[in-house]
Amino acid sequence: MAQYEQTQELPAGDGPVLTAAPGIDRVIGRMRALRPVRPPVGGAEDGVAVFHRVYLTVTETVGRQITGGAFPDRRAAATLDVRLAERYLAVIDAAAGERTPDCWRPLFQYRHHPGVRPPQFALSGINAHIGHDLPLAVVDTCRTLGCAPPDLEEEFDRVGDLLLMLEERIREDLLPGPELLELADPLTHLFGSWSLERAREAAWSTALVLWRLREVPLLAEEFRRRLDAGAGLVGRFLLTPCR
């Protein structure tokens, strides 16, 4: 691991400029205090709230794992986890001002659509968070700690393994039983068309590219914008009404 240097500098992106990592407990406290729920429309569940509940549970689990010594470099793991959570919190803050990034916009636009099921809301949020926010969080972490992405690869992989709990929790808590989910069900098709593992691998490759582009700000921002737009397109596909 490279020697760490304290820095406040972070790459530009949607939402407010992120500050130095305040600690996992503070981030979890903010998430617990948030209630990103709008009044129901026709009895439909708020899709943003669906994702929020799943992500909060995983963030709490990651925090316990880090505190318990499951990571060889606790500071690197904690900083990455916090930076990633801050990206999501910045989206919640930005949404209040109608400045939602492209990758998150489908979830906020369709959050009360009666034809979209809870697992789809969760998947769309995961797609935005892993496909767009995670590579940016890696760069955020490297700038904060004064290291390079290869120095964080082990922590990235371990955090990624825990993020797989998102998919597991969705399947356990949000999907209907196998007797209710037939092969021809559109939701079966959606789950089979998107892989969190592949998304995580793509996020790491994207982080490496963004790190190389950091000395060319205009090109880096153009790359990020296209990344944002691409993730938004996938997110919209995942929210295709199933009824």
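Please read these numbers as outputs of a predicted model, since none were measured by experiment.

*Asks:* Just to check I follow, could you spell out the packing of helix α5 (residues 118-145) against helix α8 (residues 196-212) for this structure?
*Replies:* The angle between the axes and the distance between the axes are what describe a pair of packed helices. Between α5 and α8, the shortest axis-to-axis distance is 8 Å and the interhelical angle comes to 35°. For the pair α5 and α8, the sense of crossing is right-handed. Within the contact between the two elements, α5 uses Ile126, Ile130, Leu134, Pro135, Leu136, Val138, Val139, Cys142 and Arg143 and α8 uses Leu196, Ala199, Arg200, Ala203, Trp204, Thr206, Ala207, Leu210 and Trp211. Each residue belonging to the contact of α5 with α8 can be placed in one class, and the counts come to 15 nonpolar, one polar and two charged.

*Asks:* Where do I start with the environment of leucine 238 in this structure?
*Replies:* Inspection of the secondary structure puts leucine 238 in helix α9 (residues 217-238). Relative accessible area serves as the criterion here: at 0%, leucine 238 is assigned to the buried category. Sequence separation of leucine 238 and proline 119 is 119 residues, and the distance between their C-alpha atoms is 9.5 Å.

*Asks:* Explain the environment of arginine 30 here, please?
*Replies:* Examined against the element boundaries, arginine 30 turns out to sit in helix α1 (residues 24-33). Exposure remark for arginine 30: the relative accessible area of 37% places this residue in the partly exposed category. Ignoring anything within four residues of it in the chain, the contact list for arginine 30 reads Leu89 and Asp93.

*Asks:* Honestly, the pattern of salt bridges in this entry has me stumped. Any pointers?
*Replies:* Charged atoms that come close allow side chains of opposite charge to pair. Considering all chains together, one arrives at 13 salt bridges under this definition. We note a salt bridge from aspartate 140 to arginine 87, for which the minimum N-O separation is 3.0 Å. Here the residue aspartate 140 occupies a position in helix α5, and arginine 87 occupies one in helix α3 (residues 74-96), the gap between them amounting to 53 residues. One salt bridge connects glutamate 221 with arginine 225, and the closest N-O pair in it is separated by 3.2 Å. Here glutamate 221 pairs with arginine 225, and both are found in helix α9, just four residues apart, close to one helical turn.

*Asks:* I would appreciate a short explanation of the confidence of the model for the protein chain in the present structure.
*Replies:* For any part of a model where pLDDT is low, the fine detail of the predicted coordinates should not be relied upon. Per-residue pLDDT for the protein chain has a mean of 81; in total, 75% of the residues score no lower than 70. Between the elements of the protein chain, mean pLDDT differs from a low of 65, seen in helix α7 (residues 186-193), to a high of 95, seen in α9. Counting contacts from residues 1-21, a segment whose pLDDT is below 50, to residues more than four positions away or on other chains yields 58 contacts.

*Asks:* I would appreciate a short explanation of the nonpolar core in the present structure.
*Replies:* Considering soluble globular proteins, one finds that nonpolar side chains tend to be buried as a cluster. Residues Trp104 and Val138 are the most contacted members of the largest nonpolar core, which totals 60 residues. When contributions to this core are tallied by element, the ones reaching two or more residues are α1, α2 (47-67), α3, α4 (105-109), α5, α6 (153-173), α8 and α9. Residues within four places of tryptophan 104 in sequence aside, it is in contact with Phe51, Tyr88, Val91, Gly125, Ala128, His129 and Asp133.

*Asks:* I would appreciate a short explanation of α1 in the present structure.
*Replies:* Owing to its 3.6 residues per turn, the α-helix aligns residues three or four sequence positions apart on the same side. Those residues of α1 not exposed but buried are Ile24, Val27, Ile28 and Met31. Around the axis of α1, the buried residues are gathered within 95° of arc, so they sit on the same side. For α1, the exposed residues lying more than 90 degrees away from the buried face are Asp25, Arg26 and Ala33.

*Asks:* Looking at this structure, I do not really get the packing of aromatic side chains. What am I missing?
*Replies:* The relation between two aromatic rings is expressed through the spacing of the ring centres and the mutual angle of the planes. What the rule picks out here adds up to six aromatic pairs. Between phenylalanine 51 and tyrosine 55 the ring centres are 5.6 Å apart and the planes differ by 15°, which places this aromatic pair in the stacked class. Taken together, the residues phenylalanine 51 and tyrosine 55, both in helix α2 and four residues apart, mark about one turn of the helix. Judged by centre distance (5.6 Å) and plane angle (45°), the ring pair of tyrosine 88 and tryptophan 104 falls under tilted. Of the two residues, tyrosine 88 is situated in helix α3 and tryptophan 104 in the loop between α3 and α4; the sequence distance between them amounts to 16 residues. Relative accessible area serves as the criterion here: at 1%, tyrosine 88 is assigned to the buried category. Look at tryptophan 104 and you get buried, because its relative accessible area is 0%.

Reading the values: the criteria
Counting starts from 1 at the beginning of each chain's written sequence and moves along it residue by residue. Residue-level local features of this predicted model are given only where pLDDT is at least 70; pairs of side-chain atoms are given and counted only at 80 or more, and the full residue set underlies all totals for whole chains, interfaces and linings. The basis for the side-chain values is all heavy atoms of the structure; hydrogens and waters are excluded. In this analysis an axis means a line fitted to C-alpha atoms, helices contributing only their contacting stretch, and an angle means the value between N-to-C directions, from 0 to 180 degrees. Helical segments are the DSSP runs of H or I of at least four residues, strand segments are the runs of E of at least two, and each set is numbered from the N terminus. Note: crossing handedness is left-handed where the near helix turns anticlockwise from the far helix by less than a right angle, and right-handed where it turns clockwise. Pairs of residues are marked as contacts when any of their non-hydrogen atoms sit within 4.5 Å. Note on residue classes: Ala, Val, Leu, Ile, Met, Phe, Trp, Tyr, Cys and Pro are nonpolar, Asp, Glu, Lys and Arg are charged, and everything else, Gly too, is polar. The buried label applies to any residue whose accessible area, calculated with a 1.4 Å probe on protein chains only, is under 20% of its type's maximum; exposed applies above 50%, and partly exposed to all values in between. By salt bridge we mean one thing: a side-chain nitrogen of Lys or Arg within 4 Å of a carboxyl oxygen of Asp or Glu. Note: pLDDT gives the predictor's confidence per residue, expressed from 0 to 100. To qualify as a nonpolar core, a set must consist of buried Ala, Val, Leu, Ile, Met, Phe, Trp, Tyr and Cys residues joined through side-chain atoms within 4.5 Å. Directions pointing from the helix axis toward each C-beta atom define the arc. Within 6.5 Å between ring centres, the rings of Phe, Tyr and Trp (the latter by its six-membered ring) count as paired, and their orientation is classed by plane angle as stacked under 30 degrees, edge-to-face over 60, tilted in between.

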